[in-house]
Amino acid sequence: MSINAISILVLFALAAAVALGIVLISALLGSGRKSTEKLLPYECGLDPIGSPRRRFSVKFFLVAILFIVFDVEVVFLYPWAVVFREFKAAGEGALAFTVAAVFLGILLLGLVYAWGRGALDWEE
Amino acid sequence: MMPQFTQIDWSSLFNMGLPWIVIFAAAAIAFLTAALVEEENSLFTPVMTLVAIAVAFALSWGRWLSPLPGLSFGMLVFDKLSVFVWLMILFSAAISVLLSIPYLAARGFVKPEYYGLLLLSTLGMACLVSAGDLLMVYLGIETMSLAVYVLAGFLRYRAASNEAALKYFLIGAFASAFLLMGIAFVFGSAGSTNLAVLAERSTEIMAGEGRSFYLFGVAMLLIGFGFKIAAVPFHAWAPDVYDGAPTPVTVFMATAVKAAAFVAFLRLGVSVFSAGGEVWITVLSVGAVATMLLGNLAAIVQENIKRMLAYSSIAHAGYILVAFPSIVSDPQGAGRAVLFYLFAYILMTAGAFAVVVVMGLGKDEPTGISRLAGLGKRRPVLAATLTLFLLSLLGIPPTVGFFAKYYLFLTAVKSGYIWLVVIAVINSAISAYYYLRPIVVMYFKIPSPLVGEGQGEGETHALSPFIVAVLAITALGVAYFGIFPSNLLAIVTGSF
Amino acid sequence: MIITVHHYLVLSILLFTIGAIGVVTRRNALIIFMSIELMLNAVNIAFLAFARWNLLIEGKMIVLFVLAVAAAEAAVGLGIVISIYRNRQTVYVDEMRLLKG
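Residues numbered from 1 in each chain as written. Chains lettered and ligands numbered in written order. Predicted model: local features only at pLDDT ≥ 70, side-chain atom pairs only at ≥ 80, totals over all residues.

Once that is clear, we can look at the overall build of chain B. The helix and strand inventory of chain B stands at 19 helices and two strands. The C-alpha radius of gyration computed for chain B amounts to 22 Å, which stays within 12% of the reference 23 Å derived for 496 residues, consistent with globular compactness. By its C-alpha atoms, chain B is 70 × 55 × 40 Å across when sized along the principal axes. (Helix = DSSP H or I, 4+ residues; strand = E, 2+ residues; numbered from the N terminus. Rg over C-alpha atoms; globule rule 2.2 N^0.38 Å.)

Pasting the structure below:
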């Protein structure tokens with residue numbers, strides 16, 4: 001096993017020891033008394049208003065769904081961008097550009113549909 | 001091998017893909033209509049869809065007739081097989097559209113997206129049946145399924161439709177995970193996902209050190225496909241989904257989706273099963289027997305005709321699987337028998353479900369078998385066509401269903417799987433019970449008004465011309481190819 | 001110890017099995033879907049390991065496709081779950097027993 005691997009293991013062991021140690025020390029030294037103040041969820045020193053388990057509008061889901069689709073589909077542009085220069089150098093730049101344009105055109109169609117159906121309007 | 005990007009002959013690819021582009025353009029128009037047009041004419045989208053399907057059909061028909069050899073682009077293969085199955089898929093898509101028009105109108109739920117999704121799903125099937133690479137198989141299955149998940153839940157106010165969509169979605173995604181795991185291991189052991197390369201190398205891989213990975217990979221692929229074609233023990237979703245989905249979507253799932261999945265399975269089988277045949281023969285025969293038995297036995301106890309047809313479709317998947325072990329020794333014969341069967345199956349299933357659509361044109365979709373009581377008197381022609389379809393599904397001689405089964409079983413006998421055929425014939429005899437029961441109910445049972453038998457709401461209307469068209473085409477097809485099976489056999493022989 | 005392709009494959013199959021068990025045992029539709037996503041990501045690990053082992057770029061390419069398809073699947077799945085929740089106020093699959101027989 002290489003020296004690097006050993007040092008990483010040592011780091012892991014230290015991290016685990018510190019984490020365990022802090023939990024143990026606070027359990028040993030702490031009084032165990034519970035008060036309202038202590039049981040409140042920590043929100044940067046402010047008193048929380050209301051329960052976090054509130055139902056929120058379905059619009060958030062809609063936006064999340066649209067975001068995840070358009071966000072992830074763009075992943076295909078990364079490999080395309082990486083090889084584009086090579087295609088250009090080989091004189092096939094127009095072809096590579098057309099292919100990406102067709103792909104983006106299909107995405108655009110999806111965007112127009114979502115827009116036209118009012119999926120992007122927050123106010124109704 | 002896979003051609004490099006710049007080596008692809010783009011003009012011939014465009015030429016081959018032209019029917020697909022037509023279908024995609026129609027889908028785009030459907031979605032744009034939904035998004036941009038305020039008060040659309042409710043017939044515009046379906047008619048536009050039908051026109052697009054007809055244009056794509058004509059283009060592909062010309063390709064099927066042309067004597068040019070098939071073209072392979074590595075990922076996509078355009079040969080006679082893929083063009084023929086694509087024609088069958090377009091045919092069943094057109095039937096689903098025709099059935100959808102009155103079905104959706106009766107529910108006041110006419111939306112252009114419905115037809116857009118149907119077309120996108122058809123496009124996925126195109127990729128699936130032309131797939132020359134496991135990656136394309138995956139992408140085709142996903143494109144096809146994602147659209148059908150939404151279609152199954154399209155009547156979103158109906159809880160049963162929602163439930164069908166959720167079940168179909170969860171099972172479908174689960175199955176794709178298995179399929180992908182299989183692709184990963186096949187890729188790992190063979191170093192390629194191209195089906196042509198796999199066919200060349202599989203014997204060599206099976207002899208080498210990659211053997212165990214390869215076996216594991218193909219087994220996972222089998223599980224994935226088992227879910228998609230609803231083979232036992234991966235069938236449990238099918239009856240629920242077929243029952244809950246809107247009936248025209250059920251028609252689409254039972255015909256086009258099934259045909260596309262089976263043909264992709266056939267292509268895969270031809271490439272990989274020949275090496276290490278014994279293992280796959282055992283697995284496929286056991287699967288065929290279990291699927292036939294369970295489908296037929298469960299269909300007997302169904303009271304709802306939609307569920308009965310769902311189980312019957314499982315049983316038919318079992319019959320088709322009977323021909324699969326023969327792939328190892330006689331790939332051509334097996335392929336032709338499967339194509340013949342799929343063609344016949346699409347005709348008779350679409351016809352039988354069209355009658356279910358008529359029954360369910362009312363508000364709450366009454367599809368109990370007892371509702372058929374007295375149909376022979378009230379609607380003699382409708383009852384006669386349903387009788388024809390049921391007899392064909394059962395496999396009574398002068399119908400196409402008989403010859404489909406005959407060629408399937410003949411292939412299996414030729415390859416020496418006589419025991420399998422004996423079990424299949426016994427199963428056909430079992431199926432007589434549930435196929436004949438609706439006929440008996442239609443003609444000999446007097447409807448009792450107390451339990452709401454007879455006179456489904458939809459029957460009070462005159463038959464929509466669209467449904468008449470579907471019934472006429474499918475009934476003529478079943479009868480014509482039943483009397484002249486050699487014509488269909490010639491078409492099929494030219495395709496595989 | 002040298003980490004070989006087999007270690008990655010063991011990891012991948014373990015994650016895949018955990019995901020499959022999750023699909024079979026859990027009753028909340030969203031958690032079932034998360035388990036399926038776990039299975040898909042386990043497959044991605046296997047693809048990357050094989051790509052590295054065979055020195056083939058195709059494995060990495062397939063992972064991109066799997067990611068994109070999984071996103072589309074997530075969108076469709078969430079849409080279906082939302083429409084079910086609107087009608088039934090539940091996401092538990094064992095409460096969905098309209099279709100039986």
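A separate point is the overall build of chain A. Per the secondary structure count, chain A includes five helices and zero strands. In chain A, the order of α-helices and β-strands from amino to carboxyl end is α-α-α-α-α. Since a compact globule built from 124 residues should have a radius of gyration of about 14 Å, the 27 Å found for chain A marks it as more spread out than a globular shape. Overall, the C-alpha framework of chain A stretches about 75 × 60 × 20 Å when taken along its three principal axes. Of all 124 residues assigned to chain A, the portion counted as buried reaches 2%. (Buried ≥ 20, exposed ≤ 12 C-beta atoms within 10 Å, placed from the backbone.)

Quick look at the interface of chain B and chain C now. At the junction of the two partners, chain B supplies 33 residues and chain C supplies 35 residues. Elements supplying a minimum of two residues to the side of chain B that touches chain C: helix 5 (134–152), helix 6 (159–190) and helix 9 (237–244) of chain B. Looking at the side of chain B that touches chain C, the element that brings in the most residues is helix 6 of chain B, giving 17 residues. In the side of chain B that touches chain C, the residues fall into 19 nonpolar, eight polar and six charged. (Contact = placed C-beta atoms within 7 Å. Nonpolar A, V, L, I, M, F, W, Y, C, P; charged D, E, K, R; others polar.)

A few words now on unusual backbone geometry. That bond from V232(B) to P233(B) is cis: its omega, 5°, falls within 30 degrees of zero. Mapped onto the elements, P233(B) comes out in the loop between helix 8 (211–228) and helix 9. The phi dihedral of A230(B) is positive, around 55°, even though this residue is not glycine. In this structure, A230(B) sits in the loop between helix 8 and helix 9. A residue is classified by how many C-beta atoms lie within 10 Å of it, and A230(B), with 29 of them, is buried. Although it is not a glycine, L55(C) sits at a positive phi angle of roughly 55°. Within the element layout of this structure, L55(C) appears in the loop between helix 2 (29–54) and helix 3 (58–88). Overall, the presence of 8 C-beta atoms within 10 Å leaves L55(C) in the exposed class.

Turning to the interface of chain A and chain C, a few remarks are in order. Residue-level contacts link 11 residues of chain A with 11 residues of chain C. If you tally residues by element for the side of chain A that touches chain C, the top one is helix 3 (residues 58–73) of chain A, at seven residues.

With that out of the way, let us pick up the environment of V66(C). When you line up the elements, V66(C) lands in helix 3. Leave out the neighbours within four places in its chain, and V66(C) touches L180(B), L40(C), V43(C) and N44(C).

Residue and element names in this part refer to chain B. With 26 residues, helix 10 (residues 247–272) should reach 38 Å at 1.5 Å per residue; the first-to-last C-alpha distance of 36 Å fits that figure. The largest bend in helix 10 comes to about 30°, at M253. In terms of residue burial, helix 10 counts as a mostly covered element, since 25 of its 26 residues are buried. (Expected span 1.5 Å × (residues − 1). Bend = angle between axes of the 7 residues up to and from the residue.)

Turning our attention to helix 3 of chain C. Helix length check: helix 3 of chain C (31 residues) gives 44 Å between terminal C-alpha atoms against 45 Å at 1.5 Å per residue, within 8%. Just downstream of helix 3 of chain C, Q89(C) is the residue with a positive phi angle, here 55°.

Residue and element names in this part refer to chain B. Two numbers describe how helix 9 lies on helix 12 (residues 305–323): the axes approach to 8 Å, and their chain directions differ by 140°. Here helix 9 lies oblique to helix 12, going by the angle between them. Between helix 9 and helix 12 the crossing geometry is right-handed. Packed against helix 9, whose contacting residues are A238, P239, Y242 and D243, the element helix 12 presents K306, R307, A310, Y311 and I314 at the interface. (Axes fitted to C-alpha atoms, helices over the stretch in contact; angles between N-to-C directions. Parallel < 35°, antiparallel > 145°, perpendicular 65-115°, else oblique. Left-handed = near helix turned anticlockwise from the far one by under 90°.)

By size, the foremost hydrophobic cluster in this structure holds 234 residues, and its most contacted members are A260(B), V322(B), L408(B) and V43(C). With residues up to four places along the chain from it excluded, the contact list for L408(B) reads Y319(B), I320(B), V322(B), A323(B), A337(B) and Y341(B). (Core = buried A, V, L, I, M, F, W, Y, C linked by C-beta atoms within 7 Å.)

The subject of this paragraph is the confidence of the model for chain A. The pLDDT averaged across chain A works out to 83; a share of 93% of its residues lies at or above 70. Mean pLDDT across the secondary structure elements of chain A bottoms out at helix 2 (residues 36–39) of chain A, with 75, and peaks at helix 5 (residues 93–116) of chain A, with 90. (pLDDT = per-residue confidence, 0-100.)

In a pair of packed helices, the angle between the axes and the distance between the axes together describe the arrangement. Residues and elements named next belong to chain B. Axis separation between helix 13 (residues 331–359) and helix 15 (residues 380–394) bottoms out at 9 Å; the angle between their running directions is 145°. Crossing of helix 13 over helix 15 shows left-handed handedness. Every residue of helix 15 that contacts helix 13 at M348, G351, A352, V355 and V358 is listed here: L382, T385, L386, F389, L390, S392 and L393. Here the residues of the contact of helix 13 with helix 15 sort into nine nonpolar, three polar and no charged.

Turning our eyes to something else, we now look at the confidence of the model for chain B. Detailed reading of the predicted coordinates is not advisable wherever pLDDT is low. All names here are of chain B. When pLDDT is averaged across chain B, the result is 88; 94% of the residues are at 70 or more. Ranking the helices and strands of chain B by mean pLDDT puts helix 5 first, with 95, and strand 1 (residues 71–72) last, with 80. Listed scores for the predicted complex are pTM 0.89 and ipTM 0.94.

Attention shifts here to the environment of V22(B). Residue and element names in this part refer to chain B. Looking at the element boundaries, V22 is found in helix 1 (residues 10–36). The sequence separation of V22 and I53 amounts to 31 residues, and the corresponding C-alpha distance is 8.1 Å. In this view, V22 contacts A52, V55 and A56; residues no more than four positions away in its chain are not counted.

What follows is about the environment of L95(A). Tracing the sequence through the fold places L95(A) in helix 5. Separated by 58 residues in sequence, L95(A) and E37(A) place their C-alpha atoms 65 Å apart.

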